Amino acid sequence: MNTSKSNAFSGVLIALLFWACQEPERFVTEKPEETRFTKITLIEKLDEPMELEVLADGRVLFIERKGKIRMYEPETGTAKDIGFIDVFYESEDGLLGLAKDPDFEKNQWIYLYYSPVGDNHINRLSRFTLLNDQVDMESEKVMLEIPQFRGCCHSGGSIEFDSEGNLYLSLGDDSTPFESDNYNPIDERAGRPENVDAQRSSANSNDLRGAILRITPQADGTYTIPKGNLFPEGTPKTRPEIYVMGNRNPFRISVDPMNGNLYWGEVGPDAHQDSLGRGPRGYDEINQAKGPGFFGWPYLIADNRPYWHYDFEKQESNYEYDAKKPVNYSPNNTGLNELPPAQPAFIWYPYAASDTFPQLREGGRNAMAGPVYYPDLFPKTEVKFPRYYEGKLFIYDWMRNWIFTVTMDENHNLVSMEEFMPSTVFDKPMDMQFGPDGSLYILEYGTYWSAQNDDSGIYKIEFSAGNRKPIAKAKADKTQGAAPMNVQFSASESFDFDENDVLTYEWDFSGDGSMTSAEENPLFTYEKPGTYQATLKVRDLEGLEASASIEIRVGNEPPQVAIEWPENRSFYWDNAQVSYEVSVQDKEDGILGEGIEEENVQVNFMYLPEGFDRVEASMGHQQEDPVQVIGMNLTAKSGCKACHAVSEASVGPSYKEVAKMYEDRADASVYLKEKIINGGSGVWGERLMPAHAHLEEGVIVQMVDYVLSLSPNAQGKKGKSMPLKGKLDFDAHSKQETNGTYIFTASYRDKGANEIDPIFRRQQLVLRNPLMPAANADEFQGAAKANHQNSRLVKFTEDNSFIMFENIDLKDIHKLVLSIDPNRKSGWIEVRSGGESGELLGKSEVLSNDLRPKNHKGKWFDVEIALRQTENPDDLYLIFRTETGVDIWNSFLLNTVYFAQK
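Residues numbered from 1 in each chain as written. Predicted model: local features only at pLDDT ≥ 70, side-chain atom pairs only at ≥ 80, totals over all residues. Heavy atoms only, no water.

Colleague: Tell me about the pattern of salt bridges, and please be specific about residues and values.
Modeller: With the rule as written, the count across this model stands at 46 salt bridges. Across the pair R200 and E194 runs a salt bridge, and its minimum N-O distance is 3.5 Å. Looking at R200, the relative accessible area reads 5%, which means it is buried. Taking relative accessible area as the criterion, E194 reaches 45% and is therefore assigned partly exposed. (Salt bridge = Lys/Arg side-chain N within 4 Å of Asp/Glu carboxyl O. Buried < 20%, exposed > 50% of the residue type's maximum accessible area, 1.4 Å probe, protein only.)

This is the structure we're talking about:
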């Protein structure tokens, strides 16, 4: 046999055997579970972080808006300052953009886009050199300077490189939206401020603002123009740096490293409604440029929905703009009159739910574009993202705190979107990029704009195709009490996502290693008063571990607050009057009249109009003022915290500043309510507060009461307390003609003991109207909420589906009255307590259209279910069972549930 041929054959055989023995790549077409991704905190408590760059060794360069250039070092887990630029950082200016040179490992060059201090109102793109991990400020090479109207908005500033070494820089239109009622700013009147007309910037081919530039940096600090930009070099009345124009505020951009497609998030205007004669409501956009182009602003938005040319002098609408032939005849335009055809947005969505992209939800919006992922660009590591995400674009929204991945076809057209890690909290994601190991680094700005946020930080998301870290869950049956104090600890809720893994446990009861246990659920006695940090560490078979901690305070027993209430503790009935009595006792303080003074016990009774849910009513456990806490919760839920903080000014003034300004104004509540509903500007400068007409009026009233309660004269004052014994009238709902909620609260804060802080305890009754929409249930299985004529109903879509109401007191409740529409289906409803197979309290007859009363008009009719009495409140399950079948198209419908006494 020929030896060379034999060796060659042997080599091929060995290669084939090696290939056959390799484990096949996982998660190529199969979507990985969210549990295979781990979000790791690298560093937090940053000061307005803006952009980041991950270096080859895992260090992270990032910038903060007030001028700091910083470097995170994974070996120490800390960040050091490596440079500082004195910047103008009012409004939306400051240190805005950062990128490292494609050849950074050799030349140590970085590029910064910033707003230099001084009277020359410009923003600047410069290159700097790092020396020994410090920015050499003398090395600055000024590449480009762009005029910027200061004190307003829309600065842009994102920097990215493509695979050809071209630098992209995004620039906003620096035009105010407030002078044009949040439609397109095209005010051409003479003598007006220049920033009321975006035709001088975004629609101006001879201006760089409102554009994304593409240039090629040179070694001497200058740049050249690559071929293929929007306007060839030498074209009159144009700037050759422009790659795409017609943008409002392209705040975060990315470039596909494989095909050069450009993506950006476009922050849109605030108009809530379409206007005949002005144009469409506001939309945010995700845009894609496969080549150079004009993207519509300020003439078109979204999928090329046209604005009108509006004469601000005559207040007349003249004509709609044409996407195929947009023209710019503004006297403020120094460029071409005829512009390229407008390109529609890739993805677009308004404040309200989007008809086209409903998965993007509704509310405040601030669209941004992240990277396109390609696994083959990264070495084989244990943490890089799987091939399932190959070629997908990551987009995110700063206000809505979500991340979506966008799937495209071979022509890079949109196919579908799906949310990435929907159960994970992202707090104002500001920038993201894949690191050298294929993991995703995310820069989060934190809750408030223009503020140092403790919840800001840099995070890293790693993927695991194999063994995953365990999840540690530590519980204790009590965390406060007198010494000696027995505590039953439990790690039983700890788990591992990998089915065959086995966990071991390590408890440290004191936090210093002196008192430990290896049991899963140990009992431990704290003999001496003090504050202890009990820590649980769990470890899997491969040594991966996770930990959780519980603070234990020994030396002060919590007070006991009780409410004697002879009536039903879940519902109220019309014009009822209920007797009550509050009692308090405390191991260290004593009892009422003997150590506990009556004036230190707070008793409150209040009514919340319809529109407040039970979560809002239940409030935070450690808060003493129910009115303040409800308003605080509603204010946070409304999204206002993105622009307002309690103590520090952000986009708008702090709540305390507002409260102080209006504390002596008699009509403050009415004035502020109208201001929130309608929006406006002028009181706190040029910034516009958008209208919040989508909020319930009752919600706004509670928000205003909360804000006004923060004035200096209101601070430290306890609300007026009721007597500890008396009678309550339930008549407010009939006076206001609403089916709201009553809240009765009794609370006491003890005096503290053995150097342990005072403990606050509260008992609360949340009493609802007995006529409840079925869609207000707390849990749904096999049932769906649906809309019908401005109300909501429940569809039972499968056999044994159910809805559940939490913690219902059935005292004196003898039957349920259900408003139903069988919808040509039949079945029966069982009422059970405690679970799906819990105690049977009642069962309906077979329900069908045959039971509909003769000559009955309308969709709904009532049926009754008699109930057995129970002693204690419990979860109540309404279970639908059928022998004829239901599905999502032909469902059994339930409208309301009435808890009847007779």
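Let's pick the thread back up.
Colleague: Before we move on, can you summarise the packing of aromatic side chains with the specific residues and values?
Modeller: Counted according to the given criterion, the structure contains 53 aromatic pairs. Measuring from centroid to centroid gives 5.5 Å for F394 and F434, while their planes differ by 75°, and the two rings are edge-to-face. Of the two residues, F394 is situated in strand β25 (residues 393-397) and F434 in strand β28 (residues 429-434); the sequence distance between them amounts to 40 residues. When its relative accessible area of 0% is taken as the criterion, F394 is described as buried. Here the aromatic cluster, defined as three or more aromatic residues joined through ring pairs, consists of F27, F37, Y373, F378, F385, Y388, Y389, F394, F420, F434 and F463. Between the NZ or CZ atom of K39 and the centre of the ring of Y459, over which it lies, the distance is 4.4 Å. In this arrangement the basic side chain of K392 is found over the ring face of Y388, its NZ or CZ atom lying 3.6 Å from the centre. (Phe/Tyr/Trp six-rings, centres within 6.5 Å; stacked < 30°, edge-to-face > 60°. Helix = DSSP H or I, 4+ residues; strand = E, 2+ residues; numbered from the N terminus. Lys NZ or Arg CZ within 6 Å of the ring centre and 35° of its normal.)

Colleague: Could you give an account of empty space enclosed by the protein, naming the residues involved and the relevant values?
Modeller: Tallied over the full model, the rule gives two cavities of 30 Å³ or more. In this structure, the largest cavity occupies an estimated 60 Å³ of space. The wall of the largest cavity is formed by G246, R248, E266, G268, P269, Y283, E285, F295, W297, L300 and I301. The residue inventory of the lining of the largest cavity, partitioned by class, reads six nonpolar, two polar and three charged. (1 Å grid on protein atoms, 1.4 Å probe; cavity = no way out; pocket = protein on both sides within 12 Å on 5 of 7 lines; lining within 4 Å. Points joined across faces, edges and corners; volume = space filled by probe spheres on them. Nonpolar A, V, L, I, M, F, W, Y, C, P; charged D, E, K, R; others polar.)

Colleague: Residue-level account of the nonpolar core, with values.
Modeller: With 106 residues, the main nonpolar core has I110, L112, L125, F385, F394 and F420 as its most contacted residues. With six residues, the single largest contributor to this core is strand β7 (residues 109-114). Beyond its immediate chain neighbours, meaning those up to four positions away, F420 contacts F37, F385, Y389, F394, I403, F404, T405, F426, L440 and I461. In terms of nonpolar packing, the next biggest core, distinct from the first, is built from 33 residues, A775, L816, I829 and I865 among them. (Core = buried A, V, L, I, M, F, W, Y, C linked by side-chain atoms within 4.5 Å. Contact = heavy atoms within 4.5 Å.)

Colleague: Give me unusual backbone geometry: which residues, what numbers.
Modeller: Note that the residue after W297, namely P298, is joined by a cis bond; omega there is 5°. On the secondary structure map, P298 appears in the loop between β18 (293-294) and β19 (300-301). The residue after A483, namely P484, is reached through a cis peptide bond having omega -10°. Take P484: it is sitting in the loop between β32 (480-481) and β33 (485-490). Backbone geometry places N575, a non-glycine residue, at a positive phi of 55°. Structurally, N575 can be placed in the loop between β39 (560-564) and β40 (576-586).

Colleague: Summarise the sheet that holds strand β6 (residues 95-100); cite the residues concerned and give the values.
Modeller: Pairing within the open sheet is antiparallel, and its four strands lie in the order β6-β7-β8-β9. With one partner strand each, in any of the chains shown, β6 and β9 (134-147) form the two edges of the open sheet. Between one strand axis and the next, the sheet turns through 20° on average, direction left out of account. Sheet topology places β6 next to β7; five bridges connect them, and they run antiparallel. Bridged to G97 within β7 is Y113. (Pairing = 2+ DSSP bridges. Axes fitted to C-alpha atoms, helices over the stretch in contact; angles between N-to-C directions.)

Colleague: Run through the pairing of strand β27 (residues 414-419), naming residues and quoting values.
Modeller: In the sheet, strand β26 (residues 402-408) pairs with β27 via five bridges, with the strands oriented antiparallel. Paired with V406 across the bridge in β27 is M417.

Colleague: Give me the lowdown on the layout of surface pockets, citing residues and values where you can.
Modeller: Where empty space is left becomes clear once a probe the size of a water molecule has been rolled over the atoms. Approximately 940 Å³ is the volume attributed to the second largest pocket. What lines the second largest pocket is a set of 36 residues, and nearest its centre among them are E53, K100, F161, Q433 and F434. Counting residues per element, the ones that place at least two in the lining of the second largest pocket are β2 (49-54), β6, α2 (104-107), β10 (159-161), β15 (250-255), β24 (367-372) and β28. A per-class count over the lining of the second largest pocket returns 21 nonpolar, six polar and nine charged.

Colleague: Would you mind going over the side chain of E48 in detail, with residue names and values included?
Modeller: Within the secondary structure, E48 is located in the loop between β1 (37-44) and β2. With relative accessibility at 1%, the residue E48 sits in the buried group. Side-chain polar atoms of E48 contact the side chain of R65, separated by 2.7 Å. At 2.7 Å, the side chain of E48 and the side chain of K66 are in polar contact. (Polar contact = N/O pair within 3.5 Å; in protein donor to acceptor, adjacent residues only side chain to side chain.)

Colleague: So what's going on with the sheet that holds strand β43 (residues 601-608)? Residues and values would help.
Modeller: Judged by pairing direction, the sheet is antiparallel, and its three strands sit side by side in the order β43-β47-β48 without closing on themselves. The sheet terminates laterally at β43 and β48 (760-768), the two strands that pair on one side only. Taking each pair of neighbouring strands and ignoring which way they run, the sheet shows an average axis angle of 15°. Relative to β48, strand β47 (residues 741-749) is paired through nine bridges, and the arrangement is antiparallel. Across the sheet, residue Y748 finds its bridge partner in β48, namely R761.

Colleague: Account for the environment of I461, naming residues and giving values.
Modeller: Mapped onto the elements, I461 comes out in strand β30 (residues 457-463). The exposure class of I461 is buried, given its relative accessible area of 0%. Beyond its immediate sequence surroundings of up to four residues, I461 is in contact with F37, T38, K39, F385, F420, M421, F426, S439, L440 and I442.

Colleague: Tell me about the confidence of the model for the protein chain, residues and numbers included.
Modeller: Counting all residues, the mean pLDDT for the protein chain is 88, and 88% of those residues have values of 70 or more. In this model residues 1-21 is a low-confidence stretch, pLDDT under 50, and it forms one contact with partners more than four residues away in sequence or in other chains. The low-confidence segment residues 613-624, where pLDDT is below 50, has 38 contacts with residues more than four positions distant or belonging to other chains. (pLDDT = per-residue confidence, 0-100.)

Colleague: Got a sec to walk through the state of the cysteines? Specific residues and values, please.
Modeller: For the coordinates displayed, the defined rule picks out one disulfide. Sulfur-sulfur distance for the disulfide between C152 and C153 comes to 2.2 Å. (Disulfide = S-S within 2.5 Å.)

Colleague: Give a detailed account of helix α5 (residues 655-662), specifying residues and quantitative values.
Modeller: Here α5 has its buried residues at Y655, V658, A659 and Y662. The arc that holds the buried residues of α5, viewed along the axis, is 100°, so those residues lie on one side. (Arc of directions from axis to C-beta.)

Colleague: Before we move on, can you summarise the pairing of strand β29 (residues 440-444) with the specific residues and values?
Modeller: In terms of residue burial, β29 counts as a mostly covered element, since five of its five residues are buried. In β29, alternate side chains face the same way, and those of L440, I442 and E444 on one face and Y441 and L443 on the other are all buried. Counted along the chain from β28 to the antiparallel partner β29, the turn is five residues long, and its residue G438 has a positive phi close to 80°. Where β29 lies against β30, five bridges are found, and the strand directions are antiparallel. The residue bridging E444 from the neighbouring strand is G457, located in β30.

Colleague: Tell me about the environment of A289, residues and numbers included.
Modeller: Within the secondary structure, A289 is located in strand β17 (residues 284-289). Each C-alpha atom of the pair A289 and W264 lies 8.8 Å from the other, and the pair is 25 residues apart in sequence. If we ignore the near neighbours within four places in the chain, the residues touching A289 are Y243, V244, N261, L262, W264 and F295.

Colleague: Any details on the side chain of N333? Residues and values, ideally.
Modeller: Relative to the assigned elements, N333 resides in the loop between β22 (316-320) and β23 (347-349). A distance of 2.8 Å separates a polar atom in the side chain of N333 from the backbone nitrogen of G335. At 3.1 Å, the side chain of N333 and the backbone oxygen of L336 are in polar contact. When sequence neighbours within four positions are dropped, the list of residues in contact with N333 reads Q199, A203, N204 and N328.

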